[in-house]
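Coordinate analysis (summary)
This is what each chain is made of:
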Amino acid sequence: MSTTTTTPPVAAARPEQSRARYPDDEGYVERDGVRTFYEVYGEGDSTILLMPTWSIIHSRFWKMQIPYLARHFRVVAFDGRGNGRSDRPAEPDAYKEEEFAGDALAVLDATGTERAVTVSLSRGAERSLLLAAGHPDRVAGMVVIAPALPLASSAPRDDAQAMFERPRDSYEGWGKWNLHYWLDNYEDFLEFFFSQCFTEPHSTKQREDAVGWGLETDARTLIATQLAPRLADEAAVRELAARVRCPVLVIHGRDDAIRPHDVGTAYAEMIGGAFVSLEGSGHIPTARDPVKINLLVRDFAERALASGGAIEAPPVWVRGRSRRKRALYISSPIGLGHAQRDVAIARELRRLHPDLEIDWLAQHPVTKVLKGEGERIHPASAYLANESGHIESESAEHDLHCFQAWRRMDEILLSNFMVFHDLTESEQYDLWIGDEAWELDYYLHENPELKRAAYVWLTDFVGWLPMRDGGAREEYLTTDYNAEMIEHIARYRRIRDRALFVGNPGDIVPDRFGPDLPAIRDWTEEHFAFTGYVSGFDPAQLTDREKLRHELGYAPGEQVCIVTVGGSGVGGHLLRRTIEAFPQAKRLVPELRMVVVTGPRIDPATLPSAEGLELRAYVHNLYRHLAACDLAVVQGGLTTAMELTANRRPFLYFPLRHHFEQNFHVRHRLQGYKAGRHMDFELDGPEEIALAIAGEIGREVDYRPVETDGATRAAAAIAELL
């Protein structure tokens, strides 16, 4: 199998909309007129100090570590002078390594930190060494990742370094390591440099982040940092290392193209530290292999700080034969559809295994459904970073670039995986079930040694697809993401004990994963079992519509239109436009009764009202109202559309712009069922919506029947693992 090897230029990263964890405190310290910005996360006596690396990037490069470490320690991070929210002095002497070490000491003082474990990357190794050698009472331990120190073999750019200040005839490869090139072609240098930092395949997001952070400083500042004096040679390093009294852990990627691997081994031997080699990792494993880095840092810091902090007692051990069977269910919070079907599957699982205990690792709005069904939500759920909030922050007027929003959620996904890891490390489960739990599936394949239980993966679509206006860049990115997933499954088939597609082969789009990659349907049929659709209810129990309408408070003769946009909170614009269409629709359909269900994340008070219009917040078991209605107006989400299809009700659906799943996967499936009337938010205003309501309400439909045993089939496949 081959993949496209041409790499289009890296697009500068958009400003990030949300974080997995925000600081509890922040401030500045000032030394000799230079201000340094710092942040503090968490509380307690055990502190980790995240050191700045080269000023080409700022402290956000620790974004994959902070949320996890802050649940175990107090974490202090600061922007190194020259980038971020710290000052950018002009003179090279302001960037001497002693100045960064002095800033670190000032930050410790300003945050009231007596002792800390320092964690550094690349150039941070030198400033950590200066701090530990000069102030041994303040450093409880050092974690050093990919140290940039003058040791062992030469760095790949050493020849270029000798020519750094001289013009060159050609600037290819490491020839771009040149101040003249930086001044004229700064962004291209960033793209080249970070391509060398991330030698691992499928590192597009990490490169984009780094280039974006690099653009937050400028070429002249970076040149000043490069001209600043540094440790001259191995003897200078050895003299400082001899003064270090704390434990040290050195971590280095075997495929580091910036600082050779044997620099790390030489430093560990010199300083008497432990050494961990990361096979296949490049220069910045904090971003590309964050799970392994987080666990190594946590374990080392706990040991280094043990003399000054309490050690938690191990959990109670229960002999295997004495334990009840336990499952941990992770249900995606992006919408409510996953929750509805997952509850149905859990119900069937308990029927097959009455002694099965199910805990849910979930967040709002899924927890709203789970609480309504009396399910048990694990307390660790409180540590989950908000995925729905991030999705909402990425949305515009009925517009959500789903693929790009997902890419920019990497920090949140990693944080949530680490919550899952800590939970499953401390508590024993026989089975893990992930319904589009992307973080779980991705990081288990990246860290296969962490699999401790049978694992089931569920999804109702396969394959990232580019939006047409995304051009060649988006086609390249979706292809790369698909290729990585295909490689994961080919290499580690043992990770997914069951892969279940919620639907049938005909529901799969006829596209390919990308140039030179397989057809999505062929690959999915080979790697998934098919459950049929899982609706979460039996339409046969809702066939007496008059009785159901009476129970729900709908009068005979009323033409009931339900307007709903799911649980993610991105549908407010569609609700407003449909409300605007209500008066005209009412004139066309005098018996019209319109009920607008805002869901759990939209406050009805934020929407306009009209005489005769009803606004309701979250409605539990909304599918019953959909079964009773004469028409529904919905977004393009699969669950609501399929509930209407199963109940044979007419509906209008408006896929979100740039939402590839709704525009391609869901629409393809609905076309197969001959269900719903597709609408276009860009073209269809209030008048068009009113006319469509009048034309569709109460219409007899000829949809293809939806199977009713999907939950039973899914549970039977899962139960085999118990």
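The structure this text deals with has already been given above.
Calculation criteria
- All residue numbers here refer to positions counted from 1 along the written sequence of the relevant chain.
- With pLDDT at 70 or above as the cut-off, local features in this predicted model cover only qualifying residues; side-chain atom pairs require 80 or more to be listed or tallied, and sums for whole chains, interfaces and linings still use all residues.
- Working from all heavy atoms in the structure, the side-chain values ignore hydrogens and water.
- Here a helix means four or more residues in a row that DSSP labels H or I, a strand means two or more in a row labelled E, and each is numbered from the N terminus.
- Between the two quantities, the radius of gyration covers C-alpha atoms and the globule rule is 2.2 Å times the number of residues to the power 0.38.
- Accessibility here uses a 1.4 Å probe with only protein chains present; expressed as a share of the type maximum, an area under 20% marks a residue as buried, one over 50% as exposed, and anything in between as partly exposed.
- Positive charges come from Lys and Arg, negative ones from Asp and Glu, while His and the chain ends are left out of the count.
- Where a charge lies is defined by one atom per residue type: Lys uses NZ, Arg uses CZ, Asp uses CG and Glu uses CD.
- Axis definition: a line fitted to C-alpha atoms, over the contacting stretch in the case of helices. Angles run 0 to 180 degrees between N-to-C directions.
- Orientation is classified from the angle alone, with under 35 degrees giving roughly parallel, over 145 giving roughly antiparallel, 65 to 115 giving roughly perpendicular, and any other angle giving oblique.
- By the definition used in this description, the sense in which the near helix is turned from the far one sets the handedness, with an anticlockwise turn below a right angle giving left-handed and a clockwise turn giving right-handed.
- Should any heavy atoms of two residues lie within 4.5 Å, those residues are considered in contact.
- Three classes are used: nonpolar for Ala, Val, Leu, Ile, Met, Phe, Trp, Tyr, Cys and Pro, charged for Asp, Glu, Lys and Arg, and polar for all others, with Gly counted as polar.
- Take the buried Ala, Val, Leu, Ile, Met, Phe, Trp, Tyr and Cys residues and link them wherever side-chain atoms come within 4.5 Å; each set so joined is a nonpolar core.
- Classification of ring pairs rests on two measures: the distance between centres of Phe, Tyr or Trp rings, Trp counted by its six-membered ring, which must be within 6.5 Å, and the angle between planes, read as stacked under 30 degrees, edge-to-face over 60 and tilted in between.
- A ring is scored as having a charge over it whenever the NZ atom of a lysine or the CZ atom of an arginine sits within 6 Å of its centre and within 35 degrees of its normal.
- Side-chain atoms alone can form a polar contact between residues adjacent in sequence; in general such a contact is a pair of N or O atoms within 3.5 Å, and within protein one must be able to donate a hydrogen while the other accepts it.
- Any Lys or Arg side-chain nitrogen located within 4 Å of an Asp or Glu carboxyl oxygen qualifies as a salt bridge.
- For two strands to count as paired, DSSP must find a minimum of two bridges between them.
- Given the number of residues in a helix, its expected span is that number minus one, multiplied by 1.5 Å.
- Bend at a residue means the angle formed by two fitted axes: the first through the 7 residues ending at that position, the second through the 7 residues beginning there.

For the protein chain, the helix and strand inventory stands at 27 helices and 20 strands. A compact globule built from 722 residues should have a C-alpha radius of gyration of about 27 Å, and the protein chain, at 28 Å, falls within 12% of that. Per-residue burial for the protein chain yields a buried fraction of 62% across its 722 residues. In the protein chain, the 81 positive side-chain charges and the 109 negative ones have mean positions that sit 4 Å from each other.

Another point: the packing of helix 2 (residues 97–110) against helix 3 (residues 124–134). How two helices pack is summed up by the angle between their axes together with the distance between the axes. Where helix 2 meets helix 3, the axes come as close as 8 Å, and the angle between the chain directions of the two elements is 60°. The pairing of helix 2 with helix 3 is recorded here as oblique in orientation. The two elements helix 2 and helix 3 cross, and the hand of that crossing is right-handed. Residue-level contacts link Glu97, Glu98, Phe100, Ala101, Ala104, Leu105 and Leu108 of helix 2 to Glu126, Arg127, Leu130 and Leu131 of helix 3. Of the residues in the contact of helix 2 with helix 3, the class split is seven nonpolar, no polar and four charged.

Along the chain, the position of glycine 80 falls in the loop between strand 4 (74–78) and helix 2. Excluding anything up to four places from it in sequence, glycine 80 contacts Pro52, Ser55, Ser86 and Phe100.

With that out of the way, let us pick up the nonpolar core. In this structure, Phe189, Phe193 and Phe194 are the most contacted members of the largest nonpolar core, which totals 116 residues. If near-sequence neighbours (up to four positions away) are discounted, phenylalanine 189 is found in contact with Trp54, Ile56, Lys176, Trp177, Tyr181, Trp182 and Leu222. With 63 residues, the next largest nonpolar core counts Ala339, Leu458, Val502 and Leu622 among its residues.

As a further point, take the packing of aromatic side chains. Under the counting rule described, the total for this entry stands at 39 aromatic pairs. With a centroid separation of 5.2 Å and 70° between ring planes, the pair formed by phenylalanine 193 and phenylalanine 194 is classed as edge-to-face. For phenylalanine 193, a relative accessible area of 5% puts it in the buried group. With a centroid separation of 5.4 Å and an interplanar angle of 45°, the aromatic rings of tryptophan 438 and tryptophan 464 are classed as tilted. In this pair, tryptophan 438 sits in helix 18 (residues 438–446) while tryptophan 464 sits in the loop between strand 12 (454–459) and helix 19 (471–491), placing the two residues 26 residues apart along the sequence. Judged by its relative accessible area of 9%, tryptophan 464 falls in the buried class. Positioned above the aromatic ring of tyrosine 383 is the side chain of arginine 71, whose terminal nitrogen or guanidinium carbon lies 5.4 Å from the ring centre. A cation over an aromatic ring shows up here: arginine 577 above the ring of phenylalanine 681, its NZ or CZ 3.6 Å from the ring centre.

Quick look at the side chain of aspartate 209 now. Structurally, aspartate 209 can be placed in helix 7 (residues 204–214). For aspartate 209, a relative accessible area of 6% gives the class buried. Within polar-contact distance, the side chain of aspartate 209 engages the side chain of lysine 205 at 2.8 Å.

Per the counting criterion, the structure on display carries 57 salt bridges. Its salt-bridge partner being arginine 298, residue glutamate 425 comes within 3.1 Å of it at the nearest N-O pair. Placement of the pair is glutamate 425 in helix 17 (residues 410–426) and arginine 298 in helix 12 (residues 290–304), with a sequence separation of 127 residues. Since its relative accessible area comes to 7%, arginine 298 is described here as buried. Each of Arg324, Arg326, Glu357, Asp359, Arg376 and Glu427 takes part in one network of salt bridges that share partners.

Here we take up the pairing of strand 15 (residues 559–564). Most of strand 15 is tucked away, with five of its six residues classed as buried. Both strand 15 and strand 16 (residues 592–597) contribute to a ladder of six bridges, which runs parallel. Pairing of glutamine 559 across the sheet is with leucine 592, part of strand 16. By the bridge criterion, four bridges tie strand 15 to strand 18 (residues 631–635) in an arrangement that is parallel. Counterpart to cysteine 561 in the pairing with strand 18 is leucine 631.

It helps to recall that an α-helix has 3.6 residues per turn; residues three or four apart then point in one direction. Between the first and last C-alpha of helix 12 there are 21 Å, a value that for 15 residues agrees with the 21 Å anticipated at 1.5 Å per step. The buried fraction of helix 12 is high, at 11 of 15 residues. Turning to helix 12, its buried residues are Pro290, Val291, Ile293, Asn294, Leu295, Leu296, Val297, Arg298, Phe300, Ala301 and Ala304.

Over its 14 residues, helix 25 (residues 660–673) runs 19 Å from end to end, which matches the ideal 20 Å to within 8%, given 1.5 Å per residue. Taking the largest bend as the criterion, helix 25 deviates by roughly 35°, centred on arginine 667. Residues of helix 25 that are buried sit in contact with helix 16 (402–407), strand 13 (498–501), strand 18, helix 24 (638–646) and strand 19 (651–654). Backbone geometry just after helix 25 places lysine 674 at a positive phi near 55°.

Keep in mind these values describe shape, not function.
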